[in-house]
Amino acid sequence: MEKRAMTEAEILSNFDDAINYDHIYVNYQAQVNHSTGRLVGAEALMRWKHPVYGMQYPSDFIPVLEKNDLIYRADLHLFELVCRFQKKCMDEGISMIPISVNMSRYDIYNHEYAEQIEEIRKKYGVPVKFLRIEVTESSAIGGMELVSTVLKKLHSYGYLVEMDDFGSGYSSLNILKDLQVDIIKLDMIFMSGEIGGRGGTILSSIVQMAKWLDTPVIAEGVETSELADYLKSIGCNYIQGYLYSKPLEEADFIEYTKELKHEPMNSSIALINSMDSGRFWNPDSMETLIFNNFAGPASIFVYDTYDKTVEILRVNKKYTAEVGSGRPEKEIFGDDPWSIFDDKNRAIYEEAIQKAIDSNDEETCETWRHICSKMCGDEDICVRTSMRVIGKGGEKYLIYAMVRNVTHEKKYMDEILLSEKRYKSAFEQANVYAWEYDIATKDMKPCFRCMRDLGLPPVVHNYPEPAIESSIFPPEVADDYREMMRKIDEGVGTIEAIIPLTVGRIPFHVRYTTEYDETGKPLKAYGSATLVVDNKEE
């Protein structure tokens, strides 16, 4: 074998054979979670092994294929080989992982790439979740609108899209802002020198920014544990590079995948989609307009699940009026948010936050807070908070909270409960039983004494038959009581009688009062039974 780089003419003349006989083939490089050591995916890399000239460097043949508009055929061929490999894994019971395939700018500008790969995927029946498409950052330069359209089409088919070589171009942040990518692949050009320093600061900022977008980050070209550990320390756990594996041919890659456990990569497909949190920071957005002017009292805060801290980011004017007790925003932002809670109420509030995180839904709690205001002095208030997660970044969650001061309501309810407690006590002493009867459903809801003394359940259906069957109403008065209930069903206003109750035939004064709706239709009747006292015996 004569091992040498082919000339451009040789590359072009041998290209058809390279496609037809798989001289152009795939190597797979693993993507690993450095925190867990588990496999999360792989990238498909194009290789060319000529039967005479041997291995060809991608840097030699890919520019020639791009120049002569042949890279499109090569990319489709590579995608088909990946689908063929995934089909083999499905048929042979080999554990599958998502594999990323590169899409070049030539695929985007000159061809219907998205439609073509979707046809190939369907041909092999590979679930779309096991295929990802990589687009380089440089592909978007000068053709943002076209690239955005292709990405939308890929998303409509269900593909996740990775932004490859992020950070190597000149307008990275602008591209990230305008293109809806699901995964960012960092170019380690940032760390070409000493670990840390200015490059590390920039890298850390990019990772944190991506987390707020709930976009996973993969660092490419990681070769040392020192660099991998540094990346993990700034929140980038996903690693691709020689530290874990060089690019492997299919058989070797299958064996490699058997050595590592697998885990899914968190993607923006699973982003909490209740709100677009980013638009809250735009002063001209509709979300900000609603937040400031039309929403009720509300705040936006960050909760860190690692150290259990809360940081208030925004409040609207209605919030300060409702629960601020006259405090200016400066005081609200300056204080430790936990300082207004005692241990019991902080636990209630944190539990609600955790429920909101776990359920991805709205959760509500009521907590008492001790507010110290220069204007109004010390004050204890009760606040009802409805909260929902609107964003996530690592261990931190962005939470939107609607609040309402329910202090007066709570104090009023406490007074009612106290009155009810006193009434219940007096009720007990008076030997009175009470119940509520729903005329439409024939359901009876007894009082506590009825349940305790007579063994009734919380709801008695088809009343009064169960009470008659249990001898609460003795047989000799059963028909009379049924007639009383028939009149109540017909809408009689009040009705009363002396009826002996229970097997002991103890006389009680039974009385009903009927409640009507606005049309005069009877709704409910309220019954009571008062022990008849013989004054002569007294």
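Computed from a predicted model, the values in this text were never measured in an experiment.

## Describing the pattern of salt bridges
Part 1: All told, the structure shown has 28 salt bridges when counted by the stated rule.
Part 2: The closest approach of N and O atoms between D453 and R452, which form a salt bridge, is 2.8 Å.
Part 3: Residue classification places D453 among the partly exposed residues on the basis of a relative accessible area of 37%.
Part 4: One connected set of salt bridges, linked through shared partners, spans E43, E134, K185 and E220.

## A few points about the sheet that holds strand 18 (residues 506-516)
Part 1: Within the open sheet, the five strands sit side by side as 16-15-19-18-17. Their pairing is antiparallel. On the outer flanks of this sheet lie strand 16 (443-446) and strand 17 (494-501), each paired with one strand and no other. Going across the sheet, the axis of each strand differs from the next one's by a mean of 25°, ignoring polarity.
Part 2: Two elements, strand 15 (residues 432-438) and strand 19 (residues 522-531), share seven bridges in a ladder whose sense is antiparallel. By the bridge assignment for strand 19, A434 is matched with S528.
Part 3: Docked against the sheet, helix 19 (residues 475-490) engages strand 15, strand 17, strand 18 and strand 19, running at close to 160° with respect to strand 17.

## Some remarks on unusual backbone geometry
Part 1: Here Y463 and P464 are connected by a cis peptide whose omega angle stands at 15°.
Part 2: The residue P464 is located in the loop between helix 17 (448-454) and helix 18 (465-469) in this model.
Part 3: One non-glycine residue, D22, adopts positive backbone phi at about 60°.
Part 4: Tracing the sequence through the fold places D22 in the loop between helix 1 (8-20) and strand 1 (24-33).
Part 5: For S471, which is not glycine, the phi torsion reads 70° and is therefore positive.
Part 6: In this fold, S471 is placed in the loop between helix 18 and helix 19.
Part 7: By relative accessible area, S471 is classed as partly exposed at 27%.

## Observations concerning the pairing of strand 15
Part 1: By the bridge criterion, four bridges tie strand 15 to strand 16 in an arrangement that is antiparallel. Residue pairing across strands places W435 opposite P446, the latter belonging to strand 16.
Part 2: In textbook terms, the turn of a hairpin is the stretch between consecutive antiparallel strands, and for strand 15 and strand 16 this stretch comprises four residues, one of which, K442, has a positive phi near 60°.

## What to know about the confidence of the model for the chain
Part 1: Mean pLDDT over the chain works out to 83, with 81% of the residues at or above the 70 mark.
Part 2: Of all the helices and strands in the chain, helix 12 (residues 286-294) carries the lowest mean pLDDT, 55, while helix 3 (residues 71-92) carries the highest, 96.
Part 3: Every residue in residues 267-277 is under pLDDT 50, and counting partners more than four places away or in other chains gives 23 contacts.

## Quick look at the packing of aromatic side chains
Part 1: The full count for this structure, using the stated rule, is 13 aromatic pairs.
Part 2: Taking 5.6 Å as the distance between ring centres and 65° as the angle between the ring planes, the aromatic pair formed by W338 and F341 counts as edge-to-face.
Part 3: W338 sits in the buried class, given a relative accessible area of 8%.
Part 4: Between F341 and Y349, the ring centres sit 5.2 Å apart and the planes meet at 40°, which makes this aromatic pair tilted. Y349 carries the same exposure label as F341, and that label is buried.
Part 5: Here a set of aromatic residues connected by ring pairs shows up, and it is made of F301, W338, F341 and Y349.
Part 6: One residue, R449, lies across the ring of Y433, its end atom 4.3 Å from the ring centre.

About the thresholds
- Residues numbered from 1 in each chain as written.
- Predicted model: local features only at pLDDT ≥ 70, side-chain atom pairs only at ≥ 80, totals over all residues.
- Heavy atoms only, no water.
- Salt bridge = Lys/Arg side-chain N within 4 Å of Asp/Glu carboxyl O.
- Buried < 20%, exposed > 50% of the residue type's maximum accessible area, 1.4 Å probe, protein only.
- Pairing = 2+ DSSP bridges.
- Helix = DSSP H or I, 4+ residues; strand = E, 2+ residues; numbered from the N terminus.
- Axes fitted to C-alpha atoms, helices over the stretch in contact; angles between N-to-C directions.
- Contact = heavy atoms within 4.5 Å.
- pLDDT = per-residue confidence, 0-100.
- Phe/Tyr/Trp six-rings, centres within 6.5 Å; stacked < 30°, edge-to-face > 60°.
- Lys NZ or Arg CZ within 6 Å of the ring centre and 35° of its normal.

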